[in-house]
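The lines below spell out each chain.
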Amino acid sequence: MIRHTTDRHVSWITLDRPEAMNALTPEHRDHLVHLLEQASEDATTRAVVLTATGRGFCAGADLRGAPPATARAPGDVARLIRTGAHRLVTAVLDCEKPVVAAVNGTAAGLGAHLAYACDLVLAAESARFIEVFVRRGLVPDGAGAYLLPRLIGPQRAKELMFLGDALTAADAHRLGLVNRVVPDGELEKTARAWAERLAAGPTRSLALTKQLVNASLDSDRAAALTAEANAQELNMTTQDATEGVRAYAERRTPRFEGR
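Report on the accompanying structure. This is a predicted model, so every value here is computed, not measured.

1. Quick notes on the overall build of the protein
Next, step 1: Within the protein one finds eleven helices and ten strands.
Next, step 2: Taking 2.2 N^0.38 as the reference for a compact globule, 259 residues should give roughly 18 Å; the C-alpha atoms of the protein span a radius of gyration of 19 Å, in line with that estimate.
Next, step 3: Seen along its three principal axes, the alpha-carbon backbone of the protein occupies a region of about 65 × 45 × 35 Å.
Next, step 4: Carbon together with sulfur atoms contributes 54% to the accessible area of the protein, which is approximately 13,900 Å² in total.

Dropping the structure here:
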């Protein structure tokens, strides 16, 4: 199941299926997509935390109950990936609120890519990240071959995907896949502090900044600079931009409202 609560303008999404290492069924995946889309649309939600219970963050897609290969028609697998794993990762990347992954345990396959798609990644010391696909004779999905080279470069990405070795949280941090590693007992506290800080920020400015950064590696210089100018133009119409400039002139801390 997936637990969802909202506290202090933060949407807390918790994968709660510890007996299956929080592997995602199609129903759970669709529910995650819905909650992320809801966070984008809800003006009172200003940050999102994605975490889990038990020893695993997410073991990827739950393959139990999948139809046998002999029952598939050509095109079935590609359609399943487009409407499943791709839709989930895209929902994270396109969420208009900052998304923090608080990785409490093993993140494997799609579970690792779900974390990498988040804007900020916190990992407990016991967390591990595994490109498990090669162990099953599969091609990486869930946008892994898109995300990993952009985060750590193609050579490192190939090493992880070709060999399928488990990365400790410390190694993931060293490579740049994780923002910070914290003791297991401090993961929720740190995630809460980060999320509440983001929720108190200029929400529309953060959304536009997220769009610019996510698009930057797919843009040439002219397109990137045009997008930046357009984002700045749009952002200057927000109440938070007006408040930020006024607070600077008045030498006080701004009070952002997410509008």
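2. A look at unusual backbone geometry
Next, step 1: A positive phi angle is found at R8, which is not glycine, with a value near 55°.
Next, step 2: Here R8 lies in the loop between strand 1 (2–7) and strand 2 (10–15).
Next, step 3: Positioned with a positive phi, M21 is a non-glycine residue whose angle comes to about 55°.
Next, step 4: When you line up the elements, M21 lands in the loop between strand 2 and helix 1 (26–41).

3. Let's talk about helix 6 (residues 154–163)
One turn of an α-helix holds 3.6 residues; hence residues three or four places apart share an orientation.
Next, step 1: All buried positions along helix 6 are accounted for by A157, L160 and M161. All buried residues of helix 6 fall inside an arc of 90° around its axis, so they share one side. Exposed side of helix 6, more than 90 degrees from the buried face: Q155, F162 and L163 are the residues found there.
Next, step 2: Those residues of helix 6 that are buried lie in contact with helix 5 (144–152) and strand 9 (166–168).

4. Re the packing of helix 1 against helix 3 (residues 85–94)
Next, step 1: At a closest axis distance of 9 Å, the pairing of helix 1 and helix 3 adopts a crossing angle of 20°. By the angle between their axes, helix 1 is roughly parallel relative to helix 3. Of the two possible hands of crossing, helix 1 and helix 3 adopt the one that is left-handed. Counting all contacts with helix 1, which are made through R29, D30, L32, V33, L36 and S40, the residues of helix 3 involved are A85, R87, L88, A91, V92 and D94.
Next, step 2: Broken down by class, the residue content of the contact of helix 1 with helix 3 amounts to seven nonpolar, one polar and four charged.

About the cut-offs
- Residues numbered from 1 in each chain as written.
- Predicted model: local features only at pLDDT ≥ 70, side-chain atom pairs only at ≥ 80, totals over all residues.
- Heavy atoms only, no water.
- Helix = DSSP H or I, 4+ residues; strand = E, 2+ residues; numbered from the N terminus.
- Rg over C-alpha atoms; globule rule 2.2 N^0.38 Å.
- Areas by Shrake-Rupley, 256 points an atom, 1.4 Å probe, with all protein chains shown as cover.
- Buried < 20%, exposed > 50% of the residue type's maximum accessible area, 1.4 Å probe, protein only.
- Arc of directions from axis to C-beta.
- Contact = heavy atoms within 4.5 Å.
- Axes fitted to C-alpha atoms, helices over the stretch in contact; angles between N-to-C directions.
- Parallel < 35°, antiparallel > 145°, perpendicular 65-115°, else oblique.
- Left-handed = near helix turned anticlockwise from the far one by under 90°.
- Nonpolar A, V, L, I, M, F, W, Y, C, P; charged D, E, K, R; others polar.

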